[in-house]
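Survey of secondary and tertiary structure
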Amino acid sequence: MDTVRVLANEERLRLLRLLMRGPATLTQLGAVVGHHPAWVRHHILSLEQAGLVELTETRPTKGYVEKFYCATARAYAVDFMVMPDAGERGLLVILGSDDLALDLLARRLREDVAGPDVITMAMGSLEGLIALRHGAGHVAGCHLFDAETGDFNRSYARALFPGRALVLITLAHRQQGLIVPAGNPRGLEDLAGAVTAGARLMNRNRGSGTRVWLDRLLAGGGVDPLRVAGYDDEVMTHDGAARAVAEGAADVALGILPAATARGLDFIPLVEERYDLVTPREHYESQLLAPLLGLLENEAFKQEIDDLGGYATRETGAVTALA
């Protein structure tokens, strides 16, 4: 949630965009935005702590040291997306967290010859919301848990879209758990215990809802992430995490049941989460989303989600409006 608060600040976003053009000092940035370097430093520190900005060079100049900052690779993830042109049928762009139910939804939408073309881009829950805010898509899938409220997605969406009308549509509930080798040879039962016992982890990308869960589970077990073998190893998808376990590159990963099943691995369920689709109200009320909303009310489609394993559709299609 701290990263969300950093990115929700328009002044920090302006500084970040300036640093995406190239390295600059606090003085140079201050001259552009019309603020004292001390003011700039405060915001740059927040961006640096969020992993969006880094110190790239120090240069002695006239008795003092100039520090040059630049945007990190993570900051470019949203801005370097290239979208295809919308054809006669229109184009629906779905961003956000990797999910098999979402992939199923996209496949069924593509089968509708009268509906829009559909593309999906897996980039993580938080990055998906940021991309949606930047106008890079129409829908963002996310499963971000807020420990302060005990709820999913709403506080994150509200923080990133202040004053803007949004709609959250529930896709499904799903289980997150440990993906381990067949037979669970280490006898693993929980994440903190697994890594404390020396199991090598395969982590997920920053900004993903699964990584939020992973960090929370480690913190709940009193485990310092810096002491976890493999914590800095990252993959973008649940299948990537399962593949790492199947190939012996990791002993354990946090992920979803179908990813483990597909590779003949064992799965130990830990938590259930709600996966929502977030969209601005103007998209929700447009014809572009009508086929998607119709599918979420279709009982046969809900059964297909249930058949994936580890999913529940008791609230699929439920709508929450955020004014």
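Residues numbered from 1 in each chain as written. Predicted model: local features only at pLDDT ≥ 70, side-chain atom pairs only at ≥ 80, totals over all residues. Heavy atoms only, no water.

A closer look at the overall build of the chain
On a plain count of helices and strands, the chain comes out with 15 helices and 14 strands. At 21 Å, the chain has a C-alpha radius of gyration in line with the 20 Å of a compact globule built from 323 residues. Summarising its shape, the C-alpha atoms of the chain cover approximately 70 × 55 × 35 Å along the three principal directions. Buried positions account for 52% of the 323 residues belonging to the chain. Restricting to contacts in the chain with at least 6 residues of sequence separation, those with at least 24 account for 74%. Within the structure as shown, the chain displays about 14600 Å² of accessible surface, and the carbon and sulfur contribution to it stands at 50%. Seen as two clouds, the 32 positive and the 42 negative side-chain charges of the chain have centres 7 Å apart. (Helix = DSSP H or I, 4+ residues; strand = E, 2+ residues; numbered from the N terminus. Rg over C-alpha atoms; globule rule 2.2 N^0.38 Å. Buried < 20%, exposed > 50% of the residue type's maximum accessible area, 1.4 Å probe, protein only. Contact = heavy atoms within 4.5 Å. Areas by Shrake-Rupley, 256 points an atom, 1.4 Å probe, with all protein chains shown as cover. Lys, Arg positive; Asp, Glu negative; His and termini not counted. Charge placed at Lys NZ, Arg CZ, Asp CG, Glu CD.)

Notes on the pairing of strand β3 (residues 91-96)
For a regular strand, the rule is simple: side chains alternate between the two faces of the sheet. Extensive coverage of β3 is indicated by the burial of six of its six residues. Covered by surrounding structure in β3 are L91, V93 and L95 together with L92, I94 and G96, the residues of both alternating faces. As judged from the six bridges shared by β3 and strand β4 (residues 117-122), these two strands associate in the parallel manner. Looking at β4, one finds that V93 is bridged to I119. Between the parallel pair β3 and β4, the chain is carried across by helix α6 (residues 100-110), and the sense of this crossover is right-handed. Of the pairings in the sheet, the one linking β3 to strand β5 (residues 139-142) comprises three bridges and is parallel in character. Following the sheet pairing, I94 is matched in β5 by V139. (Pairing = 2+ DSSP bridges. Right-handed = clockwise from strand over helix to strand, strands pointing away.)

With respect to the packing of aromatic side chains
Within this structure, the stated rule accounts for three aromatic pairs. Ring geometry for F145 and F152: centres 5.2 Å apart, planes at 55°, overall tilted. Its relative accessible area of 14% is what places F145 among the buried residues. Geometrically, the ring pair formed by F145 and W213 is stacked, given 5.0 Å between the ring centres and 15° between the ring planes. Taken together, the residues span a long stretch of sequence, with F145 in strand β6 (residues 145-146) and W213 in helix α10 (residues 209-220) at a distance of 68 residues. Neither residue differs from the other here; F145 and W213 are each classed as buried. Joined through ring pairs, the aromatic side chains of F145, F152 and W213 make up one cluster. (Phe/Tyr/Trp six-rings, centres within 6.5 Å; stacked < 30°, edge-to-face > 60°.)

Brief notes about helix α7 (residues 125-133)
Judged by how many residues are buried, α7 sits mostly within the fold: nine of nine residues are covered. Taken as a whole, α7 has its buried residues at S125, L126, E127, G128, L129, I130, A131, L132 and R133. Positive phi appears at G135, one or two residues downstream of α7, with a value of about 80°.

What to know about the pattern of salt bridges
According to the stated counting rule, one finds 17 salt bridges in the structure shown. With a shortest N-O distance of 3.3 Å, D239 and R243 are connected by a salt bridge. Taken together, the residues span about one helical turn, with D239 and R243 both in helix α11 (residues 238-246) at a distance of four residues. A relative accessible area of 32% means that R243 is categorised as partly exposed. Shared partners join several salt bridges into a network, and the residues in it are D151, R154, R274 and D276. (Salt bridge = Lys/Arg side-chain N within 4 Å of Asp/Glu carboxyl O.)

What about the packing of helix α2 (residues 10-21) against helix α4 (residues 37-49)?
Between α2 and α4, the least distance of the axes is 10 Å, while the angle of their chain directions is 80°. Relative to α4, the element α2 is oriented roughly perpendicular. Between α2 and α4, the contacting residues are E11, R12, L15, L16 and L19 on the first element and W39, V40, H42, H43, I44, S46 and L47 on the second. When its residues are assigned to classes, the contact of α2 with α4 shows seven nonpolar, three polar and two charged. (Axes fitted to C-alpha atoms, helices over the stretch in contact; angles between N-to-C directions. Parallel < 35°, antiparallel > 145°, perpendicular 65-115°, else oblique. Nonpolar A, V, L, I, M, F, W, Y, C, P; charged D, E, K, R; others polar.)

What about the pairing of strand β12 (residues 266-280)?
For β12, the tally of buried residues reaches 11 of 15 residues, placing the bulk of the element in the interior. In the sheet, β5 pairs with β12 via three bridges, with the strands oriented antiparallel. What sits directly across from G141, in β12, is L277. As paired elements, strand β8 (residues 166-180) and β12 share 14 bridges and run antiparallel to each other.

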